[in-house]
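This is what each chain is made of:
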Amino acid sequence: MTDIEAIKRDLAEGFYIRNLENLTGRCMDAARAGIEPVVFYVLASIFDDISRQWEGRPTTVDETNSMEEKILGKDVVSPVFAGASGTPDCSG
């Protein structure tokens, strides 16, 4: 499974602390591998920030759904995957 496939799978599972931590790590791995590095670094930062905000406190279903809608429902993430093949672009 490529980094991109793993990120897509994790996104489909929803936002909860452990999954957000997984997403942070996978996005950083993708960025380090040269797969849309700036985009995946920003996504890693967003997922890390959310997990830090939620860590150690209960979150409501409404809060979780609202955050998922803000990140996923507005097509913030899906255009990234349209151009990300899972292999680094070293042409530039």
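Predicted, not measured: the structure shown is a model, and the values here were computed from it. (Residues numbered from 1 in each chain as written. Predicted model: local features only at pLDDT ≥ 70, side-chain atom pairs only at ≥ 80, totals over all residues. Heavy atoms only, no water.)

Chemist: Please explain unusual backbone geometry as it appears in this structure.
Modeler: Across residues other than glycine, the phi torsion is negative in most instances, and most of the peptide bonds are trans. Residue Glu36 is not a glycine yet carries a positive backbone phi of 45°. Along the chain, Glu36 turns up in the loop between helix H2 (17–32) and helix H3 (37–54). Taking the relative accessible area as the measure of exposure, Glu36 reaches 35% and is therefore partly exposed. (Helix = DSSP H or I, 4+ residues; strand = E, 2+ residues; numbered from the N terminus. Buried < 20%, exposed > 50% of the residue type's maximum accessible area, 1.4 Å probe, protein only.)

Chemist: In this structure, what is going on with the packing of aromatic side chains? I would like to understand it.
Modeler: The way to describe two aromatic rings as a pair is by their centre distance and the angle between their planes. Applying the stated criterion to the full structure yields one aromatic pair. When the centroid spacing of 5.9 Å and the interplanar angle of 80° are considered together, the rings of Phe15 and Phe47 count as edge-to-face. Taken together, the residues Phe15 in the loop between helix H1 (3–13) and H2 and Phe47 in helix H3 connect sequence positions 32 residues apart. This pair shows no difference in class: Phe15 is buried, exactly as Phe47 is. (Phe/Tyr/Trp six-rings, centres within 6.5 Å; stacked < 30°, edge-to-face > 60°.)

Chemist: What's the story with the packing of H1 against H2 in this structure? I'm lost.
Modeler: The description of two packed helices rests on the angle between their axes and on the distance between the axes. It is at 10 Å that the axes of H1 and H2 come closest, and there the two elements cross at 160°. For the element pair H1 / H2, the angle class is roughly antiparallel. For H1 against H2, the interelement crossing comes out left-handed. Contact with H1, carried on its side by Asp3, Ala6, Ile7, Arg9, Asp10, Leu11 and Glu13, involves Asn19, Asn22, Leu23, Arg26, Cys27, Asp29 and Ala30 of H2 and no other residues of that element. Residues that form the contact of H1 with H2 fall into these classes: six nonpolar, two polar and six charged. (Axes fitted to C-alpha atoms, helices over the stretch in contact; angles between N-to-C directions. Parallel < 35°, antiparallel > 145°, perpendicular 65-115°, else oblique. Left-handed = near helix turned anticlockwise from the far one by under 90°. Contact = heavy atoms within 4.5 Å. Nonpolar A, V, L, I, M, F, W, Y, C, P; charged D, E, K, R; others polar.)

Chemist: Even after reading the chapter, I still don't get the pattern of salt bridges, so can you show me in this structure?
Modeler: Side-chain pairs of opposite charge can arise whenever the charged atoms involved come near each other. Per the stated rule, a full pass over the model turns up seven salt bridges. As a salt-bridge pair, Glu13 and Arg9 come within 3.9 Å of each other at their nearest N and O atoms. Linking Glu13 with Arg9, this pair stays in helix H1, spanning four residues, or about one helical turn. Since its relative accessible area comes to 44%, Glu13 is described here as partly exposed. When its relative accessible area of 34% is taken as the criterion, Arg9 is described as partly exposed. Two residues, Asp48 and Arg52, come together in a salt bridge whose shortest N-O distance is 2.8 Å. Of this pair, Asp48 and Arg52 are both found in helix H3, four residues apart, which corresponds to roughly one turn of the helix. By relative accessible area, which is 55% here, Arg52 ends up exposed. Three or more residues joined by partner-sharing salt bridges are found here, namely Arg9, Asp10, Glu13 and Arg26. (Salt bridge = Lys/Arg side-chain N within 4 Å of Asp/Glu carboxyl O.)

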